[in-house]
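What the coordinates show
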Amino acid sequence: MDFSSITSTLSSAYGSVQEFIFANLLGPLLYQFDLMSWAEDVFDGIDWFLFGCIQILLIVVVLRTWERLTPAETQERFAKVSRADLFYTLFHRLGIFHGLIFIALSGFFFEVDSILHDFRFDRFNVESWWPGVTSIPVVSFLIYLVLLDFVDYLYHRASHTVHWWWQLHALHHSQTVMTAWSDNRNHLLDDTMRAMVMAFFALLFGVSPGQFVMLIALSQFIQSWQHANIKVHLGSAKYFLISPLYHRLHHAVGYGHEAIGKPGVLGGCNFGILFPWWDMVFRTAIFPKEVYPTGVRNFTASQNILTQQWQGLVNAAKEFMPK
């Protein structure tokens, strides 16, 4: 069996599962509650769920096994402080979060799209940059991946610069037991703002809905690998893709969220999401060879998810009060 036959079989099986879920579960619910106008959007939304299931399977089978084989640090296998991270991962990867964001913002982005159309705004239209080359789906996909990664770098760095914003993002950095589940350990308000920014720029860039799902899913899985408790050196490839050691330094106490030599002063290094290029261009890259302990100085997050969210809101609100 050749590669094309394998991909065709997998694609057919995926489509069958998607149709089964809609026909037997979601379709009847929409009909029951007179919401069939959402049928097309809900059918497309099943992609978020299925890609999430694939990611979680890969995290359990591949990444968690890899962590046991070459750990960056010795950890308790099912640490209590990591249980919240598992919940955050399920919430984000199974389409619950992105599904809600899509429903809440679909009308807004439709209006934005109409306004851009009225002003005859010409999107980046990557496919027409180099006919015959950038029109190839894989090529345009990679270009979109790089463009959105740059947006994500700027967003991430801003969250380390603005004080009230950092108080939300600090939840992500508070984990002292980094694992493959740690990527989605974020404040809901910060996640919502990021989802809006990424969706907005994807709209400006002209990314199709199907491509957007795949772009986010691929990015999410790579970020799960980067947060994993894995000690791996990529050699020269470290200049092409951010490794777990590179990103771990971003989470290290006194490095990733503070100006070096100035405890408590916002700053840091290694802000890149997928590629280290932006850190290299803006001189925020440090390529480590050692493993550093992670966490935030003088901050311990609650192990309760609701309390974690409340802590972030309270600490962010305090930044607006007179010192």
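Heads up: these notes are all about the structure in this document. (Residues numbered from 1 in each chain as written. Predicted model: local features only at pLDDT ≥ 70, side-chain atom pairs only at ≥ 80, totals over all residues. Heavy atoms only, no water.)

Considering the overall build of the protein chain
The helix and strand inventory of the protein chain stands at 11 helices and 0 strands. Here the protein chain has a C-alpha radius of gyration of 21 Å; the compact-globule value for 323 residues is 20 Å, and the two agree. Principal-axis analysis of the C-alpha atoms places the extent of the protein chain at approximately 55 × 55 × 45 Å. Each of the 323 residues in the protein chain was classed as buried or not, and the buried ones make up 43%. A sequence separation of at least 24 residues applies to 72% of the contacts in the protein chain between residues at least 6 apart. (Helix = DSSP H or I, 4+ residues; strand = E, 2+ residues; numbered from the N terminus. Rg over C-alpha atoms; globule rule 2.2 N^0.38 Å. Buried < 20%, exposed > 50% of the residue type's maximum accessible area, 1.4 Å probe, protein only. Contact = heavy atoms within 4.5 Å.)

Section: the packing of helix 6 (residues 163–173) against helix 11 (residues 305–318)
One way to put it is that helix 6 packs onto helix 11 with a least axis distance of 8 Å and a crossing angle of 160°. One element, helix 6, and the other, helix 11, form an angle in the roughly antiparallel class. In this structure, helix 6 crosses over helix 11, and the sense of that crossing is right-handed. Between helix 6, through Trp164, Gln167, Leu168 and Leu171, and helix 11, the contact on the second element is made entirely by Gln308, Gln309, Gly312, Leu313, Asn315 and Ala316. (Axes fitted to C-alpha atoms, helices over the stretch in contact; angles between N-to-C directions. Parallel < 35°, antiparallel > 145°, perpendicular 65-115°, else oblique. Left-handed = near helix turned anticlockwise from the far one by under 90°.)

Observations concerning the nonpolar core
Counting 30 residues, the largest nonpolar core has Val207, Phe212 and Leu215 as its most contacted members. What Phe212 contacts, discounting residues up to four positions off in sequence, is Trp48, Met198, Ala199, Ala202 and Val207. With 6 residues, the next largest nonpolar core counts Ile21, Ala39, Ile46 and Leu50 among its residues. (Core = buried A, V, L, I, M, F, W, Y, C linked by side-chain atoms within 4.5 Å.)

A few points about the packing of aromatic side chains
Throughout the structure, instances matching the rule amount to 22 aromatic pairs. Seen from their ring centres, Tyr153 and Phe271 are 6.4 Å apart, and the 75° between their planes marks the pair as edge-to-face. With Tyr153 in helix 5 (residues 137–159) and Phe271 in the loop between helix 9 (244–251) and helix 10 (277–281), this residue pair connects regions lying 118 residues apart in the sequence. With centroids separated by 6.1 Å and ring planes inclined at 50°, the aromatic side chains of Phe201 and Phe205 adopt a geometry described as tilted. Residue Phe201 and its partner Phe205 are located together in helix 7 (residues 188–205), separated by 4 residues, close to a single helical turn. With a relative accessible area of 29%, Phe201 lands in the partly exposed category. Assessed through its relative accessible area of 6%, Phe205 is described here as buried. Ring pairs connect the aromatic residues Phe150, Tyr153, Phe240, Phe271, Phe275, Trp277, Trp278 and Phe282, which therefore count as one cluster. (Phe/Tyr/Trp six-rings, centres within 6.5 Å; stacked < 30°, edge-to-face > 60°.)

Comments concerning helix 2 (residues 39–69)
Compared with the 45 Å implied by 1.5 Å per residue over 31 residues, the 45 Å span of helix 2 between its first and last C-alpha is a close match. In helix 2, a bend of some 35° at Ile59 exceeds every other bend along the element. Every buried residue belonging to helix 2 is among Ala39, Ile46, Asp47, Trp48, Leu50, Gly52, Gln55, Ile56, Ile59, Leu63, Arg64 and Glu67, and all of these are buried. (Expected span 1.5 Å × (residues − 1). Bend = angle between axes of the 7 residues up to and from the residue.)

A word on unusual backbone geometry
Notably, Asn270 is not glycine yet its phi reads approximately 55°, a positive angle. Secondary-structure assignment places Asn270 in the loop between helix 9 and helix 10. Look at Asn298: it is not a glycine, yet its phi comes out positive at around 65°. Relative to the helices and strands, Asn298 resides in the loop between helix 10 and helix 11. Under the relative-accessibility criterion, Asn298 is labelled exposed at 79%.

Quick word on a nonpolar patch on the surface
A cluster of nonpolar side chains, namely Ile54, Leu57, Leu58, Val60, Val61 and Val62, defines an oily patch on the protein surface of about 480 Å² accessible area. Among the secondary structure elements, Leu57 is positioned in helix 2. On the basis of relative accessible area, Leu57 is assigned to the exposed category, the value being 54%. (Patch = residues over 30% accessible without salt bridge, like charges linked within 9 Å, V, L, I, M, F, W, Y side chains within 5 Å. Areas by Shrake-Rupley, 256 points an atom, 1.4 Å probe, with all protein chains shown as cover. Salt bridge = Lys/Arg side-chain N within 4 Å of Asp/Glu carboxyl O.)

Here's the deal with the pattern of salt bridges
Under the counting rule described, the total for this entry stands at 6 salt bridges. Of the charged contacts, one joins Asp85 and Arg185 as a salt bridge, the two residues approaching to 2.8 Å between their closest N and O atoms. Note that Asp85 is positioned in helix 3 (residues 83–93) and Arg185 in the loop between helix 6 and helix 7, a separation of 100 residues in sequence. Just as Asp85 is buried, Arg185 falls in that class too. Arg194 serves as the salt-bridge partner of Asp152, at 2.5 Å between the closest nitrogen and oxygen. Linking Asp152 in helix 5 with Arg194 in helix 7, this pair joins segments that are 42 residues apart in sequence.

Here's the deal with the packing of helix 5 against helix 6
Following both chains from N to C, one finds helix 5 and helix 6 inclined at 105°, their axes separated by 8 Å at the closest point. Between helix 5 and helix 6, the crossing angle belongs to the class labelled roughly perpendicular. Along the contact surface, helix 5 presents Tyr155, His156, Ala158 and Ser159, while helix 6 presents Trp165, Trp166, His169 and His173. Of the residues assigned to the contact of helix 5 with helix 6, the class counts are 4 nonpolar, 4 polar and no charged. (Nonpolar A, V, L, I, M, F, W, Y, C, P; charged D, E, K, R; others polar.)

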